Amino acid sequence: MRSDVSVTSGDFEANRARGAVHFDVHARDGVTRRGTLHESGSLRVRFPSPEGEGLSGVFVNTAGGVAGGDTFDVDIVAGEGSRLTLTTAAAEKVYRAPGNAAQLSIALKVAAGAHLGWLPQETILFDRARVHRSFDIELDDSASLVLCEIVVFGRTAMGERMEQGEFVDRWRLRRGGRLVFAETVRLDGHVGAKLGRSAVARGGAAIGTALIAPGDEALVERIREASESFSGEVGISAWNGFAMARFCAQDAARLRADMMAVLARTSAALPRLWLN
């Protein structure tokens, strides 16, 4: 049977996923409560039963993953004295992109005395995936933050690996209005070959970062005490009033275990979804 229906690039762009979540939380009588919430497109956030005095949120992407040309925007404000922990319902999958890269933008603002835990599950990049991600974080001098991200280059358990594609990750952290950390990671082209280099990942298929504020040398030493239990490579350092741990492992399971071991040495409370 012959079909006269053709798909143009315009049709493809018109069917790209768009998603946005903007909300704020505030503390009232020592309990964190949700304020205004805006959701659009395929991105949603749900709030399970409160845990202690804090509030937990779970992001759900009803599009079933991220594809080329998709755009997602997250903007969160943790008001004075509030406590908020955020995660995802499952690992996020970024699929092959024949055209434009997906765009993920995350803005986090944490007010005086507030705490924010950003603890999503893994981001899995399929072969030839293309994604640009940016974090813009503003902390009050008395605020605290634990931000963790795990990126997996292919599902190694299924014999898959990201050989080519593009991953751009931009982080900017301001504390008290001052820029204290700025970094942009770019892996593009023959990503698999680059990950094989000793100076990049030495053949590892998963990388991760934990940003902890406030962080100091005492925290660094507590984390280093757990070094014998690490399955992959973990490096930890502190400067400018925050600490950062870097992770590299052969697969996501090992890196996740190392990340959990590090977080156990901080004040972060792991989301229940991490423990299932």
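Before reading on, note that the structure itself is shown above.
Attention here is on the structure that accompanies the text. Bear in mind the structure is a predicted one, so any value in this text is a computation, not a measurement. (Residues numbered from 1 in each chain as written. Predicted model: local features only at pLDDT ≥ 70, side-chain atom pairs only at ≥ 80, totals over all residues. Heavy atoms only, no water.)

Here the focus is the overall build of the protein. Of regular secondary structure, the protein possesses four helices and 17 strands. Radius of gyration (C-alpha) of the protein: 19 Å, near the 19 Å computed for a compact globule of 276 residues. Counting over 276 residues, the protein shows a buried share of 47%. For the protein, the proportion of contacts with a sequence separation of at least 24, taken over those separated by at least 6, is 71%. Put simply, the protein shows about 13100 Å² of open surface, and 49% of that area lies on carbon and sulfur atoms. (Helix = DSSP H or I, 4+ residues; strand = E, 2+ residues; numbered from the N terminus. Rg over C-alpha atoms; globule rule 2.2 N^0.38 Å. Buried < 20%, exposed > 50% of the residue type's maximum accessible area, 1.4 Å probe, protein only. Contact = heavy atoms within 4.5 Å. Areas by Shrake-Rupley, 256 points an atom, 1.4 Å probe, with all protein chains shown as cover.)

The subject of this paragraph is the pattern of salt bridges. Under the criterion given, the structure shown has 16 salt bridges. The residue aspartate 141 makes a salt bridge to arginine 178 at a minimum N-O spacing of 3.5 Å. Taken together, the residues aspartate 141 in the loop between β11 (130–139) and β12 (144–153) and arginine 178 in strand β14 (residues 178–189) connect sequence positions 37 residues apart. Residue classification places aspartate 141 among the partly exposed positions, given a relative accessible area of 47%. Residue arginine 178 is classed as partly exposed on the basis of its relative accessible area of 49%. Where arginine 246 meets glutamate 183, a salt bridge forms, and the shortest distance between an N and an O atom there is 2.4 Å. On the criterion of sequence distance, the pair formed by arginine 246 in strand β17 (residues 242–249) and glutamate 183 in strand β14 is long-range, its members being 63 residues apart. (Salt bridge = Lys/Arg side-chain N within 4 Å of Asp/Glu carboxyl O.)

This model, assessed by the stated rule, comprises one cavity of 30 Å³ or more. In this structure, the largest cavity spans a volume of roughly 30 Å³. Lining the largest cavity, in full, are Val94, Leu104, Thr123, Val131, Arg133, Val151 and Phe167. The residue makeup of the lining of the largest cavity, split by class, is five nonpolar, one polar and one charged. (1 Å grid on protein atoms, 1.4 Å probe; cavity = no way out; pocket = protein on both sides within 12 Å on 5 of 7 lines; lining within 4 Å. Points joined across faces, edges and corners; volume = space filled by probe spheres on them. Nonpolar A, V, L, I, M, F, W, Y, C, P; charged D, E, K, R; others polar.)

Tallied over the entire structure, the rule returns nine aromatic pairs. Its end group placed over the ring of tryptophan 274, arginine 256 keeps NZ or CZ at 4.8 Å from the ring centre. (Phe/Tyr/Trp six-rings, centres within 6.5 Å; stacked < 30°, edge-to-face > 60°. Lys NZ or Arg CZ within 6 Å of the ring centre and 35° of its normal.)

Turning to the sheet that holds strand β2 (residues 31–41), a few remarks are in order. Taken together, the seven strands give an open sheet; going across it, the order is β2-β1-β5-β8-β11-β13-β14, and neighbouring strands pair in mixed fashion. The open sheet is flanked by β2 and β14, the only strands paired with a single partner. In this sheet, neighbouring strand axes are inclined to one another by 5° on average, regardless of whether the strands run parallel or antiparallel. Relative to β14, strand β13 (residues 165–175) runs antiparallel, the two sharing eleven bridges. From the neighbouring strand, leucine 173 faces β14, where its bridge partner is phenylalanine 181. (Pairing = 2+ DSSP bridges. Axes fitted to C-alpha atoms, helices over the stretch in contact; angles between N-to-C directions.)

Scanning the entire structure with this criterion turns up zero disulfides. Left unpaired, cysteine 148 is separated from the closest cysteine sulfur, that of cysteine 248, by 16 Å. Using a relative accessible area of 1% as the deciding quantity, one classes cysteine 148 as buried. Judged by its relative accessible area of 13%, cysteine 248 falls in the buried class. (Disulfide = S-S within 2.5 Å.)

This part covers the pairing of β11. As defined by bridge partners, strand β8 (residues 102–110) adjoins β11 across nine bridges and the pair is classed as parallel. In the sheet register, alanine 107 faces β11, and the bridge partner there is aspartate 136. Relative to β13, β11 is paired through ten bridges, and the arrangement is parallel. Each bridged residue has a counterpart across the sheet, and for phenylalanine 135 the counterpart in β13 is tryptophan 171.

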